[in-house]
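Observations on the model geometry
The lines below spell out each chain.
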Amino acid sequence: MRGTQVIIDDIEEDFGGIDTAVAAHVERALADYLAGRQAGMAAVAPYFGSAVESLSAFVLGGGKRIRPTFAWWAWRGAGGAGDGEQARAVLRAVSALELIQACALVHDDLMDASAVRRGKPTVHVEFAARHRERGWLGAPERFGAAAAILLGDLALAWADDMYVGAGLPADRRDAALPPWQAMRAEMLAGQYLDVLTQAKGDESAEAALSVARMKTAAYTVERPLHMGAALAGAPEQVVGALRAFGADIGLAFQLRDDLLGMYGDTDVTGKPAGDDLREGKRTLLMSVGTRRADAAGRDTDARVLRAALGDEDLDSATVERVRDLLVDLGAVAEVEHRMDELTDTAMTALASVDLAEPAGAVLADLAITATRRTS
């Protein structure tokens, strides 16, 4: 395995400085880290090597790298350097956020019984198929579930290892530990709140927004920004403004995700349209739709919406009917309006502090991209 410095030199030759291609630098940092861990694991536990290879392929097989990108630009906005060894260490540290994301996705797909992620079989489905094809003993689905739990746990453990071993000065590493630790706990709390809300059948907007804030907004935008600012030693005023910006943009990001789950192009999103319905997701979109149907006395339409939630055998015609109803009831327009409001308040928070350029402009652009995306 080549050393990290050699990898970084290759990146800079291929892509230029970190500012010019953050996602590409993150991708290379992840590839280098995972190659080293995979080789080490294969040496001591060869039977585990192919499983780790699948985790690596999952991490490197897609994703927008939005979390480390937000963290990097918070670092830069708070005065952090754009190059040099400390900047490279920060890049490696924030790249570990993608392993947190991998843990969340692998476990989320298992909990939701999702078959497809990024246009490919989910991890538990992949391992169940492997069991089935090779004629192993026991139930394929149980083996697939066990493999997904363990590989998700491994991703979480390696996230910590990558962060701690990134080469940060001890004081900077410790300064960013509070948001790093909070982010991990909030992500898991959000996952639990999601399944709890489904189990209780809670249709309220308050429940939907709580899930969105805890499960997505905090660990997708708010805490990565907090982490980047803390790494740079930003004052509380800057940290507070970035967190306020991140909390609202993160929530808008999830609301966009909910809309894409219902109306997105499967070829672009990599997930079947209507999956959120089949999984029984109590999103704000569905909460608004059922509330509006009830308020308008449209009892038949309200029954259609409620019956669709959690129906694993939902057919495409019913999905299309639900989609049409949500538009007709004004639920889509209301959610779009909520996203616009969140974006406006986020931009106000961002403009309230002076950030080192070009970070302020880049963060504003990232916010628009995150909330208007098509995948």
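Residues numbered from 1 in each chain as written. Predicted model: local features only at pLDDT ≥ 70, side-chain atom pairs only at ≥ 80, totals over all residues. Heavy atoms only, no water.

Before going further, it helps to spend a moment on the confidence of the model for the chain. Residues at a pLDDT of 70 or more form 96% of the chain, whose mean pLDDT is 92. Helix 4 (residues 66–77) holds the highest mean pLDDT among the elements of the chain, 98, whereas helix 1 (residues 4–15) holds the lowest, 47. Counted against residues more than four places away or in other chains, residues 1–9, with its pLDDT under 50, gives 13 contacts. (pLDDT = per-residue confidence, 0-100. Helix = DSSP H or I, 4+ residues; strand = E, 2+ residues; numbered from the N terminus. Contact = heavy atoms within 4.5 Å.)

All right, on to helix 7 (residues 123–134) then. Its twelve residues place the ends of helix 7 17 Å apart at the C-alpha level, agreeing with the 16 Å of an ideal helix rising 1.5 Å per residue. On the buried face of helix 7, the contacting elements are helix 3 (46–60), helix 6 (97–112), strand 2 (120–121) and helix 8 (140–164). Glycine 135 sits one or two positions beyond helix 7 and adopts a positive phi of about 65 degrees. (Expected span 1.5 Å × (residues − 1).)

Phe245 and Leu363 are the most contacted members of the largest nonpolar core, which has 79 residues in total. Dropping the residues within four chain positions of it, phenylalanine 245 is found in contact with Phe70, Leu225, Ala346, Met347, Ala349, Leu350, Leu363 and Ala367. Among the nonpolar cores identified, the runner-up in size contains 31 residues, and Leu251, Leu285, Met286 and Val304 belong to it. (Core = buried A, V, L, I, M, F, W, Y, C linked by side-chain atoms within 4.5 Å. Buried < 20%, exposed > 50% of the residue type's maximum accessible area, 1.4 Å probe, protein only.)

Of note, aspartate 109 is situated in helix 6. Of the residues examined, aspartate 109 reaches a relative accessible area of 1% and is grouped as buried. For aspartate 109, the contacting residues outside a window of four places in its chain are Ser114, Arg117, Thr122, His124 and Lys271.

Attention shifts here to the packing of aromatic side chains. Enumeration over the complete set of coordinates arrives at three aromatic pairs. Judged by centre distance (6.4 Å) and plane angle (45 degrees), the rings of phenylalanine 127 and phenylalanine 143 are tilted. Of this pair, phenylalanine 127 sits in helix 7 while phenylalanine 143 is found in helix 8, placing the two residues 16 residues apart along the sequence. Residue class for phenylalanine 127 comes out buried when judged on its relative accessible area of 3%. Taken together, the ring pairs in this structure connect Phe127, Trp136 and Phe143 into an aromatic cluster. Above the face of the tyrosine 219 ring, arginine 67 is positioned so that its terminal group lies 4.7 Å from the ring centre. The residue whose ring lies beneath arginine 373 is phenylalanine 253, and the NZ or CZ to ring-centre distance is 3.8 Å. (Phe/Tyr/Trp six-rings, centres within 6.5 Å; stacked < 30°, edge-to-face > 60°. Lys NZ or Arg CZ within 6 Å of the ring centre and 35° of its normal.)

This structure, assessed with the given rule, holds 27 salt bridges. Measuring nitrogen to oxygen at the nearest pair gives 3.0 Å for the salt bridge that ties arginine 37 to aspartate 161. With arginine 37 in helix 2 (residues 22–44) and aspartate 161 in helix 8, the pair connects residues that are 124 residues apart, well separated along the chain. Classification of arginine 37 as partly exposed rests on a relative accessible area of 26%. For aspartate 161, a relative accessible area of 36% translates into the label partly exposed. Glutamate 334 is the salt-bridge partner of arginine 292, the closest N and O atoms lying 2.8 Å from each other. On the criterion of sequence distance, the pair formed by arginine 292 in helix 15 (residues 284–295) and glutamate 334 in helix 18 (residues 331–351) is long-range, its members being 42 residues apart. (Salt bridge = Lys/Arg side-chain N within 4 Å of Asp/Glu carboxyl O.)

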